[in-house]
Amino acid sequence: MTARTLTLAAALSAALTGTPTWAQSEERPDEDALFGGGQEEAPTEAPAGEDSGRPEEDALFGGDGSEPAADVAPGTTGGATERQPPLTAPVEDRDADVLNGPATRSAFDTEDVVDDPLKIGGQFYLRGFMAGSENTSLRQTSFSAPTLVDGYLDARPSDRIRGFVVGRLNYDPAIPPRTTPDAPANPRVLLDQAWLRFDLERTVFFTVGKQHVKWGTGQIWNPTDFLSPQRRDPLAFVDLRTGVSMLKVHVPWESKGWNVYGILVMDDLGTDVGAITDPSGSPTSQAGGSDPVNRLGRLGGALRAEVLLGPAELGASAVAQNGRKPRFGLDVSSPLGPLDVYAEVALKEGTDRPLYRIPEGTTLEDIAQNGVQVEAYIPSGLTPQMTAGATYSFPYGENDLAVLGVEYFFNSTGYTGSFGYPYLLLKDAFNPLYLGRHYGAAYLFLDRPGPLERTSFNLFTLGNLSDRSFTTRLNVMHRALTYLTVEAYGSVNYGRRGGEFRLAIDVPEGLVVDGQPIPAFSIPAPTFQLGAGLRISL
């Protein structure tokens, strides 16, 4: 991989989310962003275990983000102090030699052990949001201040064995107390990751348990990210999705730089859903579909191959699970002159959930009062989704770097207009960022410009080109102290009223959906959002 590509990947990791790296990886985007972003300054004594919201967990905890190489010397611990025998021992005194000599070891031990195999850390993340909307006074403007606490245990008794656990606590004072069994718990405890990694003869690498596996090259839209039931929100500083239980087998071909993965999936991979957009981490933020995998016939399988062809990196993947449509994906990234280009395409026959044919111009009043029928259907043939983009990184000033990028997303199952959105919302078929037929994005990232050596800026615009609604947002990340990051953002919504990014809904009286009466309510169109966050990483 070229130096420019590596620089770009690091820049974009901090740029677009302040969380995981979006470059192709078998792990979750790196945890450096998760625990403080990719621009963190190293402390005098760097704590073991710092990784991106998210550089990879391996990078977070001092590794290089990849599986151990086959030529790593047995017993090395990546910097941990190894146990040493006494430097001197009596030569002629047998009893003293027994008492003071090297500690005995089991004949079954084959690796050196480390003195401190367990690392503990995490992040404490306080956030505040306000969202303005049309015809709403400042006093009535919505506000939320969720708290997120992540804690991890990272056990590495040797360089060939690693156990990793991440637990998460969510609390939002804006959520009312739980009064019914169906209401979300507040506070709420989740298990994000819990996996064990080991190898066979340093040739085949196994990871077993609840983990993150990210495929594809898309920066904003990632249709080949098959091993997560929901898409990540590119607007969020922290990826709120939790991991998926699986057995991953990784076989690298180091001389060529190729990789092959086989995966047994032990969670429901879900159906067609959109991005998680709830900043509080509500129950919709949990990974996993609604059908538990409690029978052998429900286990899923996935295969992936990654190859290098000259400067290009290519990937091919496939996923199958009983009750879900098989999915196939191709992705590529490569330098092209001064640009770095990437693309990915996901293929599936039909859809897992029905689409709806709503006559153009139909309103909810027409459906409720005039008897207009809405047809549910499953499309026939292949239903491709495709992302293509390019980035251009260039220096400016003396030591400053800027990244300019554009991305386009085509969704063959998306809707071409916004008139049916209220009905889709009532049918739980409103999939954010995967709703329309055509999308586009443009962004500019400035990494610590001029004298601002601790601050980065990211300005970007997302648009649903089908319904002509848009949002433009400015993210600012500032490293205030070694372990403290301050984040802030401001965004505006504009374009056609009623579109995805200016969604306005008026539900009339008398509407019945699936035999259930729906009470009348209104949702005013959003106009702006402001937010800030404090993140302490340990």
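Residues numbered from 1 in each chain as written. Predicted model: local features only at pLDDT ≥ 70, side-chain atom pairs only at ≥ 80, totals over all residues. Heavy atoms only, no water.

Trainee: How should a nonpolar patch on the surface be read in this particular structure?
Mentor: Side chains of L336, L339, Y392, L404, L444, L459 and L474 sit close together on the surface and give an oily, nonpolar patch of about 570 Å² of accessible area. Within the secondary structure layout, L336 lies in strand β11 (residues 327-336). Overall, the relative accessible area of 54% leaves L336 in the exposed class. (Patch = residues over 30% accessible without salt bridge, like charges linked within 9 Å, V, L, I, M, F, W, Y side chains within 5 Å. Areas by Shrake-Rupley, 256 points an atom, 1.4 Å probe, with all protein chains shown as cover. Salt bridge = Lys/Arg side-chain N within 4 Å of Asp/Glu carboxyl O. Helix = DSSP H or I, 4+ residues; strand = E, 2+ residues; numbered from the N terminus. Buried < 20%, exposed > 50% of the residue type's maximum accessible area, 1.4 Å probe, protein only.)

Trainee: Got a minute to help me understand the pattern of salt bridges in this structure?
Mentor: Here the idea is simple: oppositely charged side chains can pair when their charged atoms come close. Taken as a whole, this structure holds 20 salt bridges when the rule is applied. The closest approach of N and O atoms between K119 and D116, which form a salt bridge, is 3.1 Å. Looking at K119, the relative accessible area reads 28%, which means it is partly exposed. Exposure remark for D116: the relative accessible area of 42% places this residue in the partly exposed category. Of the charged contacts in the structure, one is a salt bridge between E306 and R304, with a shortest N-O distance of 3.0 Å. The same class applies to E306 as to R304, namely buried. In the salt-bridge network here, residues are joined through shared partners; they are D225, R232, D239 and R241.

Trainee: Mind showing me how you'd approach the nonpolar core here?
Mentor: Note that soluble globular proteins tend to have their nonpolar side chains buried in a common cluster. Core analysis: the biggest nonpolar cluster contains 33 residues, and W221, Y356 and L462 have the highest contact counts within it. Here W221 is in contact with E344, T387, E407, F409, L433, Y434, Y439, G440, A441 and L462, once residues within four sequence places are set aside. Residues F226, L227, I263 and A302 belong to the second largest nonpolar core, which totals 12 residues. (Core = buried A, V, L, I, M, F, W, Y, C linked by side-chain atoms within 4.5 Å. Contact = heavy atoms within 4.5 Å.)

Trainee: Help me out: how do you make sense of the packing of aromatic side chains in this one?
Mentor: To describe a pair of aromatic rings, one takes the distance between the centres and the angle between the planes. Tallying each qualifying case throughout the model produces 13 aromatic pairs. The interplanar angle of 75° and the centroid separation of 5.3 Å between the aromatic rings of W253 and W258 together place this pair among those described as edge-to-face. For W253, a relative accessible area of 43% corresponds to the partly exposed category. By the ring-pair criterion, three or more aromatic residues cluster together here, those being W221, F409, Y434 and Y439. The aromatic ring of Y434 is capped on one face by R231, whose charged end is 5.7 Å from the ring centroid. Across from the ring centre of Y125, 4.4 Å away, lies the NZ or CZ of R535, which sits over that ring. (Phe/Tyr/Trp six-rings, centres within 6.5 Å; stacked < 30°, edge-to-face > 60°. Lys NZ or Arg CZ within 6 Å of the ring centre and 35° of its normal.)

Trainee: What should I look at first to understand unusual backbone geometry in this one?
Mentor: For residues besides glycine, phi is generally negative; the peptide bonds are generally trans as well. Following N186, the chain continues into P187 via a peptide bond in cis, with omega recorded as 5°. Examined against the element boundaries, P187 turns out to sit in the loop between β4 (161-171) and β5 (188-200). A positive phi angle is found at R448, which is not glycine, with a value near 50°. With respect to the helices and strands, R448 occurs in the loop between β17 (438-447) and β18 (455-464). Within the chain, R468 stands out as a residue other than glycine whose phi angle is a positive 60°. Under the relative-accessibility criterion, R468 is labelled exposed at 53%.

Trainee: I tried to follow the pairing of β4 on my own but got confused; where do I start?
Mentor: Successive residues of a regular strand alternate their side chains across the two faces of the sheet. Pairing of strand β3 (residues 147-158) with β4, which is carried by 10 bridges, proceeds in the antiparallel orientation. In the strand pairing of β4, L153 is matched with V165. Sheet analysis places β4 next to β5, joined by 10 bridges and oriented antiparallel. Note that in β5 the partner of L169 across the bridge is V189. (Pairing = 2+ DSSP bridges.)

Trainee: Is there a simple way to explain the environment of F419 in this structure?
Mentor: Position of F419 relative to the elements: it lies in the loop between β16 (400-411) and α6 (421-426). Remark: the alpha-carbon pair of F419 and I358, spanning 61 residues in sequence, is separated by 8.3 Å.

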